[in-house]
Amino acid sequence: MAVLHSAPRFTRIEGLKDTLSKAIGEHLVEAHEEHGELLLTVKRDSIETVLRTLRDEHAYQQLMEIAGVDYPSRPERFEVVYMLLSVTKNSRIMVKVTASEDTPVPTATTLWPNAGWLEREVFDMYGVLFDGNTDLRRILTDYGFEGHPFRKDFPLTGYVELRYSEDQKRVVYEPVDLPQDLRQFDFMSPWEGADYVLPGDEKADTPPVDDPKVTEKPSDTGAGAKTDEEAAEKVSAGSPAEEDAGEDRTPPPAPTEDRADRPKRKGKTTDTDDATEVKK
């Protein structure tokens, strides 16, 4: 039995920009389409009013996510992005506001209870303040954490490190102490003129040898009759195993290539009965 749903199977974005821009009115800063979704940038102080309008009048029932973005070069370096879903229209939109380190954003907890945790994540990672959130605490980092990790100017090593102290029987925090210098990655290709010497490249500056060493006679190489005699000596000579056996325990195998009693083959392989070549 087929089940019919009121929501369309595919998202319809045609005309959505004009409809929502007209509904938001003077609170709208910019509206454009990107990656098949509508992005609305609104005034920071009007975010609660805009979200309420979208929820109550245009059926965007669910707040799916609140994300932060950091642009340090901007006067208001942070963007707070609200991602809304309309279950009945099968439509998603994003609403953005800008903020700085000391300009709070009105809370959305008056519209969706789950906004409390989402705003705490943005506050923890970026340091964005939300006016009206009565429980604006860190939620991802540990107690006493210093700084906000998702900011572009946050150091890679952080400010403090933690370890378990056997003396105090608890986790302690200490300033970061690197056991070795932090590696400095130079992404400039050596073929484009690196200002440092790669391991092994120091040999390239070695001047050529004026009188190279050559081996013009056997004595220069260490070869000769004496060397052959020393190589032929048995390493195991005088060992208990050989003395007990009375003879070499590993005699050389009998030669298989030198068979003087074997008559020389006559003719070609094609002249024998077992030849595999087809006679023409």
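Here is what the cut-offs are and how they apply
Residues numbered from 1 in each chain as written. Predicted model: local features only at pLDDT ≥ 70, side-chain atom pairs only at ≥ 80, totals over all residues. Heavy atoms only, no water. Helix = DSSP H or I, 4+ residues; strand = E, 2+ residues; numbered from the N terminus. Buried < 20%, exposed > 50% of the residue type's maximum accessible area, 1.4 Å probe, protein only. Contact = heavy atoms within 4.5 Å. Areas by Shrake-Rupley, 256 points an atom, 1.4 Å probe, with all protein chains shown as cover. Polar contact = N/O pair within 3.5 Å; in protein donor to acceptor, adjacent residues only side chain to side chain. Phe/Tyr/Trp six-rings, centres within 6.5 Å; stacked < 30°, edge-to-face > 60°. Pairing = 2+ DSSP bridges. Axes fitted to C-alpha atoms, helices over the stretch in contact; angles between N-to-C directions. Salt bridge = Lys/Arg side-chain N within 4 Å of Asp/Glu carboxyl O.

A. Layout of the overall build of the protein chain. Looking only at helices and strands, the protein chain features six helices and nine strands. Scored against the burial criterion, the 280 residues of the protein chain give a buried share of 25%. Summarising the internal contacts of the protein chain: among those between residues at least 6 apart in sequence, 44% fall at separations of at least 24. Working note: accessible area of the protein chain is about 21600 Å², and carbon and sulfur atoms make up 52% of it.

B. Fine view of the side chain of Ser86. By the secondary structure assignment, Ser86 is in strand E4 (residues 78–86). We classify Ser86 as buried; its relative accessible area is 0%. Looking at Ser86, its side chain comes within polar contact range of the main-chain oxygen of Ala59, at 2.7 Å. If we ignore the near neighbours within four places in the chain, the residues touching Ser86 are His58, Ala59, Tyr60, Gln61 and Ser91.

C. View of the environment of Phe154. Mapped onto the fold, Phe154 is located in the loop between strand E7 (130–131) and strand E8 (160–165). It is 9.9 Å that separates the C-alpha atoms of Phe154 and Tyr126, two residues lying 28 residues apart in sequence. Phe154 has contacts with Phe145, Glu146, Gly147, His148, Pro149 and Tyr159, leaving out every residue within four places of it along the chain.

D. Main features of the packing of aromatic side chains. For the coordinates displayed, the defined rule picks out three aromatic pairs. Where Phe78 meets Tyr126, the ring centres are 6.4 Å apart and the plane angle is 75°; that geometry is what we call edge-to-face. Remark: Tyr126 occurs in helix H3 (residues 115–126) and Phe78 occurs in strand E4; sequence separation between them is 48 residues. There is no split in this pair, since Phe78 and Tyr126 are both buried.

E. Here's a closer look at the sheet that holds strand E3 (residues 62–70). Pairing within the open sheet is mixed, and its five strands lie in the order E1-E2-E5-E4-E3. Looking along the sheet, the strands with just one partner apiece sit at the ends: strand E1 (28–34) and E3. Geometrically, the sheet is characterised by an average inter-axis angle of 20° between neighbouring strands, direction not taken into account. Taken strand by strand, helix H2 (residues 47–57) contacts strand E2 (37–42), E4 and strand E5 (91–99), and its axis lies near 175° from that of E5. Set on the sheet, H3 makes contact with E3 and E4; between it and E3 the angle comes to about 10°.

F. Spatial organisation of the pattern of salt bridges. Applying the stated criterion across every chain yields a total of 14 salt bridges. The partner of Asp70 in a salt bridge is Arg77, and the shortest N-O contact between them spans 2.8 Å. Residue Asp70 is classed as buried on the basis of its relative accessible area, which comes to 2%. What makes Arg77 buried here is its relative accessible area of 9%. Of the charged contacts in the structure, one is a salt bridge between Asp135 and Arg137, with a shortest N-O distance of 2.5 Å.

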